[in-house]
Each structure stands twice: as C-alpha cells, then as structure tokens.
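Each chain, letter by letter, is given below.
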Amino acid sequence: MKFLPRAATFAAVTFCAGALANAATLDANPLPASQDAPVQQINVSLRQDVPAPQAAAASQQDAREIVQPLPQDQIEEDADYASLSAAVASQEADQEVSDRELTCLATGIYYEAKSEPLAGQLAVADVILNRTTSGRFPKSVCSVVTQPGQFSFVRGGKLPTPPANAQWRRALAIAQVAKKDLWESPAGDALYFHARYSKASWNRARVATVGNHIFYR
C-alpha cells in the first residue's frame, strides 16, 4: 500500500501549482475602470494638485494691487482748485521754506506787489519766472531779481529781508502757486511790467493790465 503516500504528495503538489498560477493571473489583470484606485494612488494625485505654500503666497501677492501713496508735492500739482484764493490758502498752511529760489521769488512779489490783488501778485511772480526761461535774462530766479537796473528795491545786488507779517506769508504762498504752476497766469508770457501811474512808454506788445500794473511781452 505504498502508492497512497505518493498519490497524496502528487495531489498536494498539483494543488499548490494551480493556486500559484491562479494568483499570477489575478495580479496580471488590471483593475476594472469602475473599481476605486488604491489609497496610495489617490494621495499621490492630491499632492500634485495642491501648490506649495511658497507658490501660493507668491500667487496671492501678484493678485493684490499694491498702491503707493503719492508724494505731497505731486498731490498739490494734480489738485484742482476752485479759485486762486483756494490755491493760495492751500500753500499758506506750510510756511517752512528752505528753498533760496522760492525766497527770492517771494521777495520780488512782496516788494513789487504786496498791495496788489492775488492775480496781480501772481502776474508779477510769473514775469520773474518767465525771464528765467526766456534766454534774455539770467536762468535763476535770484539772479533775475538781483540783476542790476531791474527792480528798484534791490540795493547793491542784495535783497532786503521782508518782515514776517501776513503780507510776507501771502507772498510766499503766491510764490509756491506760481512755481508749481497751480493756477494759470493772468499775464501769460509777459516779461516786463510797470505801474499804471508810470509815464513809461515802451515799444512792446501789451499783454494785460492786472491791478495797478501793466504787463508787456
């Protein structure tokens, strides 16, 4: 009866071989399209769709509009004023002036037109500024004002020191309005002026009469 152990052994070997073949067949077949993917594969897909923290922050930074405040002088230059008085008042709030050219311009306004209306003071300021760009006079405001034989308040090429009163503060404000071109000049491109009571007879084109001054080109 020795054939029984051999038969049992053969059967066991055959069963194992069949099981291995069946397992190999299952591994070789892909998952059906309707079957869910393994958890590891889902996790990999999610990691690819979520941007890195640095990239997300950069994207948000680019999406935001960065607004820088405008410098104060640019705000004033772009401002629209209802009147010359409003433009002057806006400059009177800041009287800390360290610009020598502005001081020379204000001095010319003060001594030539401090009793004139605002438009007349602005016209005098514009005459001085027009001279600096005309090519016929010095190129700086201080040099124009102190040029010999031009303004009677100048003595020995030196400017007097105006008193620190309301008229001086107004002259400083007018000088700033003129220099920043915050209001249109009533005298246009005038280069000369004299008082209306003056007997001067100039062979020049008259531009305007503002207050007690007549302006010429």
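Since we're looking at a predicted model, the values are computed, not measured.

Visitor: Run through helix α9 (residues 166-179), naming residues and quoting values.
Guide: For α9, built from 14 residues, the straight-helix expectation of 20 Å at 1.5 Å per residue is met to within 8% by its first-to-last C-alpha distance of 20 Å. Looking at the buried side of α9, the elements it contacts are α5 (84-92), α6 (100-113) and α7 (118-132). Among the residues of α9, the N-terminal cap falls to Asn-165, whose side-chain oxygen and the backbone nitrogen of Gln-167 are separated by 3.2 Å. Two residues or fewer after α9 comes Asp-181, characterised by a positive phi angle close to 55°.

Visitor: Describe the packing of aromatic side chains, naming the residues involved and giving the relevant values.
Guide: Per the stated rule, a full pass over the model turns up nine aromatic pairs. Each ring, one from Tyr-110 and one from Tyr-111, has its centre 4.9 Å from the other, and the planes form 85°; the classification is edge-to-face. For Tyr-110, a relative accessible area of 5% translates into the label buried. An angle of 45° between the planes, with centres 5.9 Å apart, marks the rings of Phe-151 and Phe-153 as tilted.

Visitor: Describe the layout of surface pockets, naming the residues involved and giving the relevant values.
Guide: In this structure, the largest pocket occupies an estimated 370 Å³ of space. If you go around the largest pocket, you meet 19 residues; those closest to its centre are Glu-112, Phe-193, His-194, Ala-195 and His-213. Looking at the lining of the largest pocket, the elements that each hand over two or more residues are α6 and β1 (192-195). For the lining of the largest pocket, the element with the most residues is β1, which contributes four residues. When the residues that make up the lining of the largest pocket are grouped by side-chain class, the tally is eight nonpolar, seven polar and four charged.

Visitor: Could you give an account of the state of the cysteines, with specific residues and numbers?
Guide: The full count for this structure, using the stated rule, is one disulfide. The disulfide partner of Cys-104 is Cys-142, and the gap between their sulfur atoms is 2.1 Å. Across the S-S bond of Cys-104 and Cys-142 the torsion is about 95°, and the bridge reads as right-handed. Of this pair, Cys-104 sits in helix α6 while Cys-142 sits in helix α8 (residues 141-145); the two residues are 38 residues apart in sequence, bridging distant segments of the chain. On the accessibility criterion, Cys-104 (4% relative accessible area) is buried.

Rules used throughout
Residues numbered from 1 in each chain as written. Predicted model: local features only at pLDDT ≥ 70, side-chain atom pairs only at ≥ 80, totals over all residues. Heavy atoms only, no water. Helix = DSSP H or I, 4+ residues; strand = E, 2+ residues; numbered from the N terminus. Expected span 1.5 Å × (residues − 1). Contact = heavy atoms within 4.5 Å. Polar contact = N/O pair within 3.5 Å; in protein donor to acceptor, adjacent residues only side chain to side chain. Phe/Tyr/Trp six-rings, centres within 6.5 Å; stacked < 30°, edge-to-face > 60°. Buried < 20%, exposed > 50% of the residue type's maximum accessible area, 1.4 Å probe, protein only. 1 Å grid on protein atoms, 1.4 Å probe; cavity = no way out; pocket = protein on both sides within 12 Å on 5 of 7 lines; lining within 4 Å. Points joined across faces, edges and corners; volume = space filled by probe spheres on them. Nonpolar A, V, L, I, M, F, W, Y, C, P; charged D, E, K, R; others polar. Disulfide = S-S within 2.5 Å.

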